[in-house]
Structure formats: structure tokens, C-alpha cells
Amino acid sequence: MLVVAMVLVLSISCLTLAQSPPSIGPGFKVMTYAPNLYCLFNRYTNSYLLVGKKAAVLIDTGFGDVDYYEVCESITRLPLSVVVTHGHMDHAGGLYQFPQKWRKRLKVGETNVFGDIKLEVIATPGHTPSSVCLFDRENGRLFTGDTINPREIWLHLPESNLEQWLDSIDKLMTLYPDVKTVLPGHGPPYSRAILREAHDMANGIRSGEAQLKPGRRYESTSFVISVQ
């Protein structure tokens, strides 16, 4: 099964810079979550820059109103690849900043190697048909896009599918022993406990034990799920 993960491979000289990223407008900031792991935050949406010794990977590109190419270049000059978790504007709007001819198709289930950075591509349809999560198994980091988010998980959109989301959560739960941190497309990092919470919710929806609230919402401790 093939999904378009919109990967862009950029040929950039291999020199890492230590200078701070440029300040670009109110509401945008770069946060360091771990050595060589940066969160580019803009208007409640997270993008993540992973910097290895030989290459770097940007996961999601934001709305496109901030020049993420410039931001990434201010952090590292290593060869850069860009992947989006799904095609919504707040995650893929900045793709135009990177040359279109360098996009590639990724095979779901493959471990994609970017220099010394390895990311497993996991198909997680539900929020959108082509949503993917990316797993950095070496460091136990699971990048979930909008498949799992604190506050609210949108499954009420025309392209959303609750049954597919339930199956995707089952799939992610198989990673539980190897996950240390869940990095969502919105909100702060979470421990792997949010995977079990999402799985419990999925089981409750399937069994009918989870109560559908007014506004067609299922409520959990860390998030609500809006459904069609």
C-alpha cells in the first residue's frame, strides 16, 4: 500500500549552525524538546525538526505563513527531508516553500532512512484517509499528527472515518512497549499513557460503553473526539 507522505529531499551543505532561529512574527516560536529535537510552533500547530549527525528531517510544514525553510536553515545546514503527516493546510501549507520536484512516495510499513535518522511510516487513516504517524523507534518518539491530539480529535470532517480511526488506534497500541513520548500535531508532548487512553476510548466506542455527548462528542480525560 502506498501513501503520499510528500517527502522533499533538499541538497544542502553539511554544516550545522548553532545560531538561534530568526524571530518571525508573534505567535511563532521554536522550542527545544530534547538534544537535536525542535518543535516549530505556530498558531497552535506543531512541526518537528529532528537533527542527526548526517541529516535532518522536518515533520509537517505549518500553514505556510512562516518560512520554515529559513527557520530550518538557521538551525542546521545538514541535508534536509520534509514529511507531512496529512494534507490539511495547517500541516502541509508550507510545502510550497520546498521544491516540488523533490517529493517522493513512501511505502507504508517501511523504515525510511534519512542519513542516520530512521522513521517508520505507519498508516493511520481516520482523521483523513491518508494520515500517517511516524515512529522514531531508536528514541521512542511517536509523531502522531492529528491522529492523537490533546484537547480535541477531529473525526467529524467529510473525509474523516471513525471506524478507520478505531483500527488505527489498535495499530498504534501495538507500539506501546517501545514508545516513550507521543508528539502530537497540536499541544504539548505526552507520555505513552495517552496511547492507552485512546485505546480505552476506542474500545468503549466499539462496545457502546462510551457515551456520545451533545454535539456528537466522546469525552476522555485528555481529549474529546468529535464525530460525524
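Peer 1: Explain helix α3 (residues 162-173) residue by residue, including any values.
Peer 2: Helix length check: α3 (12 residues) gives 17 Å between terminal C-alpha atoms against 16 Å at 1.5 Å per residue, within 8%. Those residues of α3 that sit buried are Trp165, Leu166, Ser168, Ile169, Leu172 and Met173. The arc that holds the buried residues of α3, viewed along the axis, is 165°, so those residues lie on one side. The backbone nitrogen of glutamate 163 lies 3.0 Å from a side-chain oxygen of the residue at the head of α3, namely asparagine 161.

Peer 1: Let's hear about the packing of aromatic side chains: which residues, and what values?
Peer 2: Within this structure, the stated rule accounts for 5 aromatic pairs. Ring geometry for phenylalanine 28 and tyrosine 68: centres 5.8 Å apart, planes at 45°, overall tilted. With phenylalanine 28 in strand β2 (residues 28-34) and tyrosine 68 in helix α1 (residues 68-75), this pair connects stretches of sequence that are 40 residues apart. There is no split in this pair, since phenylalanine 28 and tyrosine 68 are both buried. In this structure an aromatic cluster arises from ring pairing among Tyr33, Tyr48 and Phe143. When the ring centre of phenylalanine 41 is taken as origin, the NZ or CZ atom of lysine 29, which lies over that ring, is 5.6 Å away. A cation over a ring is seen here: arginine 196 above tyrosine 176, with NZ or CZ 4.6 Å from the ring centre.

Peer 1: Lay out the side chain of serine 131 in plain terms, naming residues and giving numbers.
Peer 2: In this fold, serine 131 is placed in the loop between β9 (117-123) and β10 (132-136). In this structure the side chain of serine 131 is engaged in a polar contact, spanning 2.6 Å, whose partner is the side chain of threonine 128.

Peer 1: Help me get a handle on the pattern of salt bridges, residues and values and all.
Peer 2: As enumerated under the stated definition, the model contains 8 salt bridges in all. The salt bridge involving glutamate 152 is made with arginine 217; its shortest N-O contact spans 3.6 Å. Linking glutamate 152 in strand β12 (residues 151-155) with arginine 217 in strand β15 (residues 217-219), this pair joins segments that are 65 residues apart in sequence. Taking the relative accessible area as the measure of exposure, glutamate 152 reaches 28% and is therefore partly exposed. Residue arginine 217 is classed as partly exposed on the basis of its relative accessible area, which comes to 28%. Across the salt bridge formed by aspartate 170 and arginine 206, the nearest N and O atoms sit 2.9 Å from each other.

Peer 1: Help me get a handle on the sheet that holds β15, residues and values and all.
Peer 2: Strand order across the open sheet formed by 3 strands is β12-β16-β15, with mixed pairing between neighbours. Looking at which strands have only one partner, the edges of the open sheet turn out to be β12 and β15. Pairs of neighbouring strands in the sheet enclose a mean axial angle of 20°, with direction left out of account. Note that β15 and strand β16 (residues 223-227) share 3 bridges and pair antiparallel. Bridge pairing links tyrosine 218 to isoleucine 225 in β16. Strand contacts of helix α4 (residues 193-207): β15 and β16, with the helix running at about 40° to β16, the strand carrying the most contacts.

Cut-offs and rules
- Residues numbered from 1 in each chain as written.
- Predicted model: local features only at pLDDT ≥ 70, side-chain atom pairs only at ≥ 80, totals over all residues.
- Heavy atoms only, no water.
- Helix = DSSP H or I, 4+ residues; strand = E, 2+ residues; numbered from the N terminus.
- Expected span 1.5 Å × (residues − 1).
- Buried < 20%, exposed > 50% of the residue type's maximum accessible area, 1.4 Å probe, protein only.
- Arc of directions from axis to C-beta.
- Polar contact = N/O pair within 3.5 Å; in protein donor to acceptor, adjacent residues only side chain to side chain.
- Phe/Tyr/Trp six-rings, centres within 6.5 Å; stacked < 30°, edge-to-face > 60°.
- Lys NZ or Arg CZ within 6 Å of the ring centre and 35° of its normal.
- Salt bridge = Lys/Arg side-chain N within 4 Å of Asp/Glu carboxyl O.
- Pairing = 2+ DSSP bridges.
- Axes fitted to C-alpha atoms, helices over the stretch in contact; angles between N-to-C directions.
- Contact = heavy atoms within 4.5 Å.

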